[in-house]
Amino acid sequence: MIAVLAGGVGAARMLRGITAAVNPNQIAAIVNTGDDSVMHGLHISPDLDTVTYTLAAAIDPQRGWGLVDESWAAMGALARYTPHRPEGSTAGGTWFNLGDKDLATHLYRTGRMREGATLEQVTAEITAAWGLPQHIMPMSNDPVRTRVRVDGSWIEFQEYFVGHHHSVSVEAIEFTGAESAHVLPAALDALANADVVVIAPSNPLVSIGPILALDGVRAVLSRRRETVVAVSPIVAGAALKGPADRMLNELGHEASVTGVARLYSSICGTLVIDTQDEARAKSVRDEGMNCVITNTVMSTAEIAASLARTTLEACR
Ligand code: FO1
């Protein structure tokens, strides 16, 4: 079995590659829920949905989130009320875009959770509805919310990411609820018993960070460090998507494969880096990690599959 620590787009593409390389029912994805939010009273789990829609070949390929061939009638209709909203009200906000078909997922998830289902149970139902053989699970059933401090004020992750287009400087990050949240037992089991654990090329601070913040996760990974392999989300000093490079710099880390190695070296034995970073391989090895160099930019399904095979072979 292969266990994968996953955030959003990069992880979803990596999981698609791993699916081409191994039997899909041997894949367990442990997905970040720190980005989760409540919008219009609906429980949104962006990373779980990005992974699900990508593996179901239903993701919008340009945006990397939401469904392909989406329509936006509900959002458009909401805009009618905006000018009439009283001062101080946030009702009917349209800054976070929920497509008409995507809304069905949030309605179903929220309805089931109101009936008492756990996020793990609903995720299993949603992934079954999309016909996925992989075991996709949230990192925890308990709420953990990533918040960032901007200009001295703590704001929700989606307010930073979508509301501010992640273009404001981050002063600090916290994962509220992480200290008391329980990692999913199935996740801990997969992390302990998988043949290989892959840390997907996701933002190390806000996508992988919340998973690592859960009690027991770092301990189980460090015990089996030699069979844990990460793929760097930083290529030639930049993130392929999202604010990981700026965030690393802003929070005093190095936005390079060396910086990624420093963050992961205690829990992970091997770092896979892109050919563009070949000259930095020694600095990764100096952090005590094996370093594998290959094409990590998953611009096609074939490259993703090849990256997956190289990653899995790296510590077998
Ligand atoms: N990202 C955006 O940049 N703008 C949006 O309006 C937006 C809406 C959205 C709705 C549902 C969903 O599952 C994801 C959505 N995302 C949107 C993506 C999301 O904010 C990010 O992918 C992650 O949280 C970062 O990994």
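Thresholds applied
Residues numbered from 1 in each chain as written. Predicted model: local features only at pLDDT ≥ 70, side-chain atom pairs only at ≥ 80, totals over all residues. Heavy atoms only, no water. 1 Å grid on protein atoms, 1.4 Å probe; cavity = no way out; pocket = protein on both sides within 12 Å on 5 of 7 lines; lining within 4 Å. Points joined across faces, edges and corners; volume = space filled by probe spheres on them. Helix = DSSP H or I, 4+ residues; strand = E, 2+ residues; numbered from the N terminus. Nonpolar A, V, L, I, M, F, W, Y, C, P; charged D, E, K, R; others polar. Pairing = 2+ DSSP bridges. Axes fitted to C-alpha atoms, helices over the stretch in contact; angles between N-to-C directions. Expected span 1.5 Å × (residues − 1). Buried < 20%, exposed > 50% of the residue type's maximum accessible area, 1.4 Å probe, protein only. Arc of directions from axis to C-beta. Contact = heavy atoms within 4.5 Å. Near = heavy atom within 4 Å. Polar contact = N/O pair within 3.5 Å; in protein donor to acceptor, adjacent residues only side chain to side chain. Areas by Shrake-Rupley, 256 points an atom, 1.4 Å probe, with all protein chains shown as cover. Sits in = over half its atoms within 2 Å of the grid points.

S.K.: What should I look at first to understand empty space enclosed by the protein in this one?
M.R.: A water-sized probe, rolled over the atoms, reveals where empty space remains. Considering all chains together, one arrives at one cavity of 30 Å³ or more under this definition. In this structure, the largest cavity encloses a volume near 40 Å³. Along the walls of the largest cavity sit Leu48, Asp49, Thr52, Arg109, Thr123, Ile126 and Thr127, which together make up its complete lining. Looking at the lining of the largest cavity, the elements with two or more residues in it are helix 2 (46–55) and helix 5 (119–129). In the lining of the largest cavity, the residues fall into two nonpolar, three polar and two charged.

S.K.: Quick question: what am I supposed to make of the sheet that holds strand 5 (residues 135–138) here?
M.R.: Two strands in a sheet stick together by hydrogen bonds in their backbones, pointing the same way (parallel) or opposite ways (antiparallel). Ordered by their spatial adjacency, seven strands build an open sheet running 5-2-1-9-10-13-14, and the pairing between neighbours is parallel. In this open sheet, the two strands that pair with only one neighbour each are strand 5 and strand 14 (290–294). Put simply, the sheet's adjacent strands are angled 20 degrees from each other on average, direction ignored. Judged from the five bridges that link them, strand 1 (residues 2–6) and strand 2 (residues 27–31) form a sheet pairing that is parallel. The residue of strand 2 that forms the bridge with leucine 5 is isoleucine 30.

S.K.: Quick question: what am I supposed to make of the sheet that holds strand 8 (residues 172–176) here?
M.R.: Strands sit in the order 7-6-8 across an open sheet of three strands; the sheet is antiparallel. Looking at which strands have only one partner, the edges of the open sheet turn out to be strand 7 (153–156) and strand 8. Adjacent strand axes in the sheet meet at a mean angle of 30 degrees, parallel and antiparallel pairs treated alike. Examined bridge by bridge, strand 6 (residues 145–150) and strand 8 share five bridges and lie antiparallel to one another.

S.K.: Looking at this structure, I do not really get helix 4 (residues 100–114). What am I missing?
M.R.: Structural remark: α-helix, 3.6 residues per turn; residues separated by three or four positions point the same way. Its 15 residues place the ends of helix 4 21 Å apart at the C-alpha level, agreeing with the 21 Å of an ideal helix rising 1.5 Å per residue. For helix 4, every residue scored as buried is listed here: Asp102, Leu103, Thr105, His106, Arg109 and Thr110. Projection of helix 4 onto a plane perpendicular to its axis shows the buried side chains occupying an angular sector of 155 degrees, all on one side. Tucked into the core, helix 4 has its buried residues touching strand 4 (42–44), helix 2, helix 3 (73–78) and helix 5. Just beyond helix 4, the residue with positive phi is glycine 116, at close to 105 degrees.

S.K.: Help me understand the site of the ligand, please; the structure alone is not making it clear to me.
M.R.: Taken together, Asp35, Pro46, Asp47, Trp65, Phe96, Asn97, Leu98, Asp102, Phe157, Gln158, Phe161 and Val162 make up the full set of residues adjacent to the ligand. Interatomic distance of 2.8 Å between a side-chain N/O atom of aspartate 35 and an oxygen atom of the ligand. Measuring from an oxygen atom of the ligand, one finds a side-chain N or O atom of aspartate 47 at 3.2 Å. Within the complex, the protein chains bury 88% of what would otherwise be the 530 Å² of accessible surface of the ligand. More than half of the atoms of the ligand fall within 2 Å of the grid points belonging to the largest pocket. If you list the elements that add at least two residues to the shell around the ligand, you get helix 2 and helix 6 (157–163). Among the elements that make up the shell around the ligand, the one with the highest residue count is helix 6 (four residues).

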